[in-house]
Amino acid sequence: MHFWRHLWTSTPVMIVWLGLAPLASAVEVADSKAVVLLLDKMRASDLAAPASGQTVYAIDGEQHTIVALDPFEPGKRWTAISHTSENPTDKDRPAEKAAIPIAIGCVDSGTLAIVYRSGDEWFLRTQRLSPPGRTADPAPQQTIALGIATGSAEGVRVAVSHSRNWLVVTGLPEPLPAVVRVPIAGSRLGAVTTRNCPRPLPPLRPSAATVSGTDELVLFMTPPAAELAHSIFVSFYSPLNSLPLLRIETGLESIRDAAFCRSNDTLWVIAGEPGSQTCPEGIWRLDATIEHARQAVRATCVAQIAAAKSLVCLSDKAIIVACTGARPQIVRIDQTPPVLRALNVLP
């Protein structure tokens, strides 16, 4: 069922507020349950999970390793991929050119696709995983150059299609393309291409990306500084066309990450600004609705979380969120039936 071609139920949603107090050792959420998987252990910069949802992978933004977590056993973690001090494309580079993981995606349950940065060089690398509890061979399975660019890595994301036929890397700094596509053949990647990719006009750059249940690329674009009065908009793209199928304003001031729930096509985002009364930081659910006889977005904050950075949706009952800030945490939010009832779609 396509998210934007079917209206969602208008059943009132029970708002869930998640407070991460600076001195708290646990998190309590009204009408929902928050389980702290990691507390003060690492500062996760990006998350990913395979379709099975049995493991969550996180980039340790300080140690530059890939850490694996059991999402249902708090505290159970292991190093899935250790940090390499070498650029896989050139082993003679000095230490300041160390390869730093930036964004991550799951090609399948045994393969990760990781965007690395080494100085001003960007490349995509695949890594085969070892069984749970063991660190993988540090040698990459495949390395693909993405190009050279200075600029921030803040908006760089990897989104893998549910069909596992392709993945995209979005948000690379200029002059690199804002969106590039890479075909997938089993556990191998093909050549990077911009064919049939969205080509937003500068200075538009994607701030988040995900894939819908019908394998459409979903991008969130930050408007230029001169147009900050306008909210971020969401666009849907067919894998076969660079023109958007749909483009709608979200009403949100900022969006940092996004994820679709596979089981019910729910669209979740990390959005908001610190201290904002109208658009607080946290998890937001985006619902399709009709306003003035036109399709629109209704954004609902379902969990207020300070310094939320990244999220993955394991199922219609569990969302994993990485929080940075003074006390970094990775939290699993288990939703209760009152919230789930609000997520049902009309036939």
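Now for a description of the structure that goes with this document. (Residues numbered from 1 in each chain as written. Predicted model: local features only at pLDDT ≥ 70, side-chain atom pairs only at ≥ 80, totals over all residues. Heavy atoms only, no water.)

**Notes on the pattern of salt bridges**
- For the structure on display, the rule yields eight salt bridges.
- With a shortest N-O distance of 3.7 Å, Arg157 and Asp257 are connected by a salt bridge. You can see Arg157 sitting in strand E10 (residues 157-160) and its partner Asp257 sitting in strand E18 (residues 255-260), a full 100 residues away along the chain.
- The closest approach of N and O atoms between Arg332 and Asp334, which form a salt bridge, is 2.8 Å. (Salt bridge = Lys/Arg side-chain N within 4 Å of Asp/Glu carboxyl O. Helix = DSSP H or I, 4+ residues; strand = E, 2+ residues; numbered from the N terminus.)

**Focus: unusual backbone geometry**
- Glu174 connects to Pro175 through a cis peptide bond whose omega is 10 degrees.
- As for its placement among the helices and strands, Pro175 is situated in the loop between strand E11 (166-170) and strand E12 (179-185).
- A positive phi is found at His292, a non-glycine position, where the angle reads about 55 degrees.
- For Ala307, which is not glycine, the phi torsion reads 60 degrees and is therefore positive.

**Quick look at the sheet that holds E10**
- An order of E10-E11-E12-E13 is seen for the four strands of this open sheet, with the pairing classed as antiparallel. Edge strands, defined here as strands with exactly one partner in the open sheet, are E10 and strand E13 (188-189). (Pairing = 2+ DSSP bridges.)

**Brief notes about the nonpolar core**
- Counting 22 residues, the largest nonpolar core has Val115, Trp122, Leu124, Val156, Leu167 and Val169 as the members making the most contacts within it.
- For this core, the secondary structure elements donating two or more residues are strand E6 (100-108), strand E7 (111-118), strand E8 (121-128), strand E9 (142-148), E10, E11 and E12.
- Apart from the residues lying within four places of it in its own chain, the contact partners of Val115 are Ile100, Pro101, Ile102, Ala103, Trp122, Phe123, Leu124, Leu146, Val156, Val158 and Val169.
- Of all hydrophobic cores here, the second largest spans 19 residues; its members include Ala208, Val218, Ile232 and Cys279. (Core = buried A, V, L, I, M, F, W, Y, C linked by side-chain atoms within 4.5 Å. Buried < 20%, exposed > 50% of the residue type's maximum accessible area, 1.4 Å probe, protein only. Contact = heavy atoms within 4.5 Å.)

**As for the sheet that holds E18**
- Taking strand neighbours across the sheet as the criterion, the four strands line up as E18-E19-E20-E21 in an open arrangement whose pairing is antiparallel. The sheet is open, and its two edges are formed by E18 and strand E21 (294-304), each paired on a single side. Geometrically, the sheet is characterised by an average inter-axis angle of 30 degrees between neighbouring strands, direction not taken into account.
- With ten bridges joining them, strand E20 (residues 282-291) and E21 adopt antiparallel strand pairing. By the bridge assignment for E21, Ile290 is matched with Gln295. (Axes fitted to C-alpha atoms, helices over the stretch in contact; angles between N-to-C directions.)

**Describing the environment of Glu62**
- With respect to the secondary-structure elements, Glu62 resides in the loop between strand E3 (56-60) and strand E4 (66-69).
- The spacing of Glu62 and Met42 is 20 residues in sequence and 7.4 Å in space, taken between C-alpha atoms.
- A polar contact is formed between the side chain of Glu62 and the side chain of Arg43, at a distance of 3.3 Å. (Polar contact = N/O pair within 3.5 Å; in protein donor to acceptor, adjacent residues only side chain to side chain.)

**Here we look at the side chain of Glu281**
- With respect to the element layout, Glu281 can be found in the loop between strand E19 (267-271) and E20.
- For the buried residue Glu281, which engages in no salt bridge, the nearest side chain bearing the opposite charge is Arg256, 4.1 Å off.
- A polar contact of 3.3 Å, which involves the side chain of Glu281, links it to the backbone nitrogen of Ala307.
- If near-sequence neighbours (up to four positions away) are discounted, Glu281 is found in contact with Arg256, Ala271, Gly272, Glu273, Pro274, Ala303, Gln304, Ile305, Ala306, Ala307 and Ala308. (Lys, Arg positive; Asp, Glu negative; His and termini not counted.)

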